[in-house]
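Notes for the structure review
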Amino acid sequence: MIVVSEIADLKTIISEWKQNQETIGFCPTMGTLHDGHMDLVKTSKGQCTKTIVSIFINPTQFNDPKDFDAYPKNTESDLKLCEEHGVDLVFLPSVEVIYPKSQTPIQMSIPSLQTTLCGRTRPGHFEGVLQIVSKLFHLTEPNYGFFGLKDYQQYRIISAMVEELNFPIRILGVPTKRESDGLAMSSRNLRLSPKDRETASLIPRMFQLAKKTLLGGEKNLIVWKEILTDFLLTGSNVKIDYLEIVDPITLQPLSNLNGELLLATAVFVGEVRLIDNEVLVSP
Ligand code: PAF
C-alpha cells in the first residue's frame, strides 16, 4: 500500500494509473476508520482496479471549533485497516498541503439542498464539504466516488455537484453499516459514555417503529412524526436537533405520507450529535 502526503507524489501515481487505463475508486474519509468505511473500500474494490482512501479532517466543514478539536485521530490503526483491506493508496495530506496560506478562499453551495436538515443547524458545513470533496476529486481524478448513505444529505449534495458541474465521476451511495443493536457506525460513537451508548440505540429502534407504523397504515404525517419524536424523547440525555420527513431527491419537506420518503434525524445524546437516515416507502 502506498501512503502519500504531498500533492506532487499523488499526481505522479495517478498519471501512471491513468496511462495504464486503471479504473480508480475513491473513498474520502476523515479517519478513525471502522467497518462502515471498509464497506466503501469493499464496494470500490468490487468495481475498480485501484482504490484510494483519503484521510483528512477537514477544518472548513466544522462550524463548531469544539467539534473539530474533539474529532478523534487514529492514523496508525487507520493505515493498518486500509492495508488489511487491500487499499492501493492512502492520501494523508496536512492542512497546509490542502489549504496553503496564499489560497484565495472559495465557497460553493447548492442552496436548495443545503438549507434543510443538517444545513440548518450546521451553517457552513456543506460549503466546507463541497470545497474539500471537489478539491480531492481534482487531485485523485477518480472514475467512481463512494459515499456512505448514513450521511444521506452529503451523498445527495455531492451527487448534485457532480451532475451540475459535469465532473466525469460516478457517485455511488453505500448502505449504512450498523452495530449489532442497529446503531449506525460512526467515528462519533467512540465519544459516547457507556450509558449514552445504550440510550443511542433508541435511534435505530425509532427507525424500526417508523417502518412498523408505516406498514401498519399510518397516513397522518403529523401524528407519525409525533409518535417518533415521543419515542426518541423517552431517553434521558436526548435532545432532538431535527426529525424530518423529506423528498429523497429535493430534500424538501413532504406534506403527506405517500411513496418514497427520506426519514432523517440528528440527535444529541449527551454532547454527541448522531445522525441517521433511511429512505422508506409508504405503501
Ligand atoms: O463524510 C466525511 O467523512 C466527510 O464529510 C468527507 C466526505 C470525507 C469530506 O471531508
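That block above? That's the structure.
As for the side chain of arginine 273
Counting through the fold element by element, arginine 273 comes out in strand β9 (residues 272-282). For arginine 273, a relative accessible area of 10% puts it in the buried group. At 2.9 Å, the side chain of arginine 273 forms a polar contact with the side chain of aspartate 241. Excluding residues within four positions of it along the chain, arginine 273 makes contact with Cys118, Thr121, Arg122, Arg188, Asp241, Tyr242, Ala266, Val267 and Phe268.

Here's the deal with the state of the cysteines
Any covalent bond linking the sulfur atoms of two cysteines counts as a disulfide. Overall, the coordinates contain 0 disulfides when judged by the stated rule. Free cysteine: cysteine 27, not disulfide-bonded; nearest cysteine sulfur from cysteine 48 at 8.2 Å. For cysteine 27, a relative accessible area of 1% gives the class buried.

A word on the pairing of strand β8 (residues 259-269)
Counting buried positions along β8 yields 8 of 11 residues, so the element is predominantly enclosed. Relative to β8, strand β7 (residues 238-246) is paired through 8 bridges, and the arrangement is antiparallel. Residue pairing for β8: glutamate 244 is matched across the bridge by alanine 264. As paired elements, β8 and β9 share 11 bridges and run antiparallel to each other. For leucine 262, the partnering residue across the bridge sits in β9 and is valine 279. Linkage of β8 to β9, two consecutive antiparallel strands, is achieved through a turn of 2 residues, within which glycine 270 is found at a positive phi near 65°.

Analysis parameters
Residues numbered from 1 in each chain as written. Predicted model: local features only at pLDDT ≥ 70, side-chain atom pairs only at ≥ 80, totals over all residues. Heavy atoms only, no water. Helix = DSSP H or I, 4+ residues; strand = E, 2+ residues; numbered from the N terminus. Buried < 20%, exposed > 50% of the residue type's maximum accessible area, 1.4 Å probe, protein only. Polar contact = N/O pair within 3.5 Å; in protein donor to acceptor, adjacent residues only side chain to side chain. Contact = heavy atoms within 4.5 Å. Disulfide = S-S within 2.5 Å. Pairing = 2+ DSSP bridges.

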